[in-house]
Structures are given as structure tokens and as C-alpha cells.
Amino acid sequence: METNNYPSWLVSVEIAKKLKEIGFDLPCAFVLTNKDQLGFTTEGDSNYHLFDELDLNSNLKSSLVCVPTFEQVLDWFRNKGLVGTIEYEDFILDDKTCYYAYRITNTSGDILFYSPNYRTFETYEEARGELINKLIEVYGNSIQSRNDSI
């Protein structure tokens, strides 16, 4: 899939596929077909339309991958009890260089993961992508733990 003009406000294709695996179920304006083509849906319409060509025979609705915005993903995780935030500050004492980091808490405010304990990031976009990947990991582990206890 060509990503030269891929919007920065949509999660990457790799993240979208991971989200589908853990049950992400919010309606999205954009979808990825089983031929890795990006398309869009219209409000109140279960059909999708490809940007390049329309190939209705190659895609069942169940094979489509929703491609959400970062805001949709963070909202979905908040509704699952995981709150992700990005911070910008001087994380190293006596250093005047600021970096981005992220924090994951539960809805009680307990810190579940804090990236400066392991790594900080030079750009907001890098921290945002890693935050989403860590939320997927934390949520996926909680699903697995629940399944193991059944």
C-alpha cells in the first residue's frame, strides 16, 4: 500500500490490524480492504467506496479492517478503562532538552505504564504511535488473563 499521502491523523495500517485482533468495534469513516486498499464509508451506509477503484466482489464486510483516527482509538480505550496521555517535558535532570513520553493509567488514576522508565521520544507522532501499541498490548494481556481464568 502506498503511504506517501497517508493522513497523520489515522492510525497506521499495522495498528489498525492489531486493533481488529483485540476487538476494536467503533464505526470508522475509513476501511482497509483485503487487498490493502484504503476506502471510506458514508454515514448511515454500510457500503464502502475505494479511492482508486470499486471492487465489490473482493471484499466481504467481515474482511474489512476499520482504520480509525487516533482520537477514536484513545476514546475506545478510555471506555475500556485505560487512559493514555502524552507528556512533553525535561525528563532528565539538569538537561534542558525536552522529550515526549506517555503514561497509561486506569480510570482510578493508578499508573499502569510510564514510558520514561524505559524510553522517551523526540517527536509527538512517535510517542503517540508507541502509546497506542502499548495500549493494545496492555488491553490484549488483560483479555488473555480473563480468558485464562475462565
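For clarity, every value in this text was computed on a predicted model and none was experimentally measured.

Another point: the packing of aromatic side chains. Counted by the stated rule, this structure contains ten aromatic pairs. Their ring planes at 75 degrees and their centres at 6.0 Å tell us that Phe77 and Tyr139 sit as a pair that is edge-to-face. Residue Phe77 is found in helix 2 (residues 70–79), and its partner Tyr139 is found in helix 3 (residues 124–148); the two are separated by 62 residues along the sequence. This pair shows no difference in class: Phe77 is buried, exactly as Tyr139 is. Members of the aromatic cluster, joined through ring pairs, are Phe24, Trp76, Phe77 and Tyr139.

What follows deals with the packing of helix 1 (residues 13–21) against helix 3. In contact at an axis separation of 10 Å, helix 1 and helix 3 are set at 20 degrees when each is read in the N-to-C sense. Judged by the inter-axis angle, helix 1 sits roughly parallel to helix 3. Where helix 1 crosses over helix 3, the two elements pack in a sense that is left-handed. Within the contact between the two elements, helix 1 uses Ile15, Lys18 and Leu19 and helix 3 uses Gly129, Ile132, Asn133 and Ile136. When the residues that make up the contact of helix 1 with helix 3 are grouped by side-chain class, the tally is four nonpolar, two polar and one charged.

Nonpolar side chains in soluble globular proteins generally cluster together in the buried interior. Of all hydrophobic cores here, the largest spans 30 residues; its most connected members are Val11, Leu19, Val67, Phe77, Ile132 and Leu135. Listed by contribution, the elements that provide at least two residues to this core are helix 1, strand 1 (30–32), helix 2, strand 6 (99–106) and helix 3. Ranked by residue count, the leading element in this core is helix 3, at six residues. Beyond its immediate stretch of four places on either side in the chain, Val67 contacts Tyr6, Leu10, Val11, Ala16, Cys28, Phe30, Val31, Leu32 and Leu38.

Analysis parameters
- Residues numbered from 1 in each chain as written.
- Predicted model: local features only at pLDDT ≥ 70, side-chain atom pairs only at ≥ 80, totals over all residues.
- Heavy atoms only, no water.
- Phe/Tyr/Trp six-rings, centres within 6.5 Å; stacked < 30°, edge-to-face > 60°.
- Helix = DSSP H or I, 4+ residues; strand = E, 2+ residues; numbered from the N terminus.
- Buried < 20%, exposed > 50% of the residue type's maximum accessible area, 1.4 Å probe, protein only.
- Axes fitted to C-alpha atoms, helices over the stretch in contact; angles between N-to-C directions.
- Parallel < 35°, antiparallel > 145°, perpendicular 65-115°, else oblique.
- Left-handed = near helix turned anticlockwise from the far one by under 90°.
- Contact = heavy atoms within 4.5 Å.
- Nonpolar A, V, L, I, M, F, W, Y, C, P; charged D, E, K, R; others polar.
- Core = buried A, V, L, I, M, F, W, Y, C linked by side-chain atoms within 4.5 Å.

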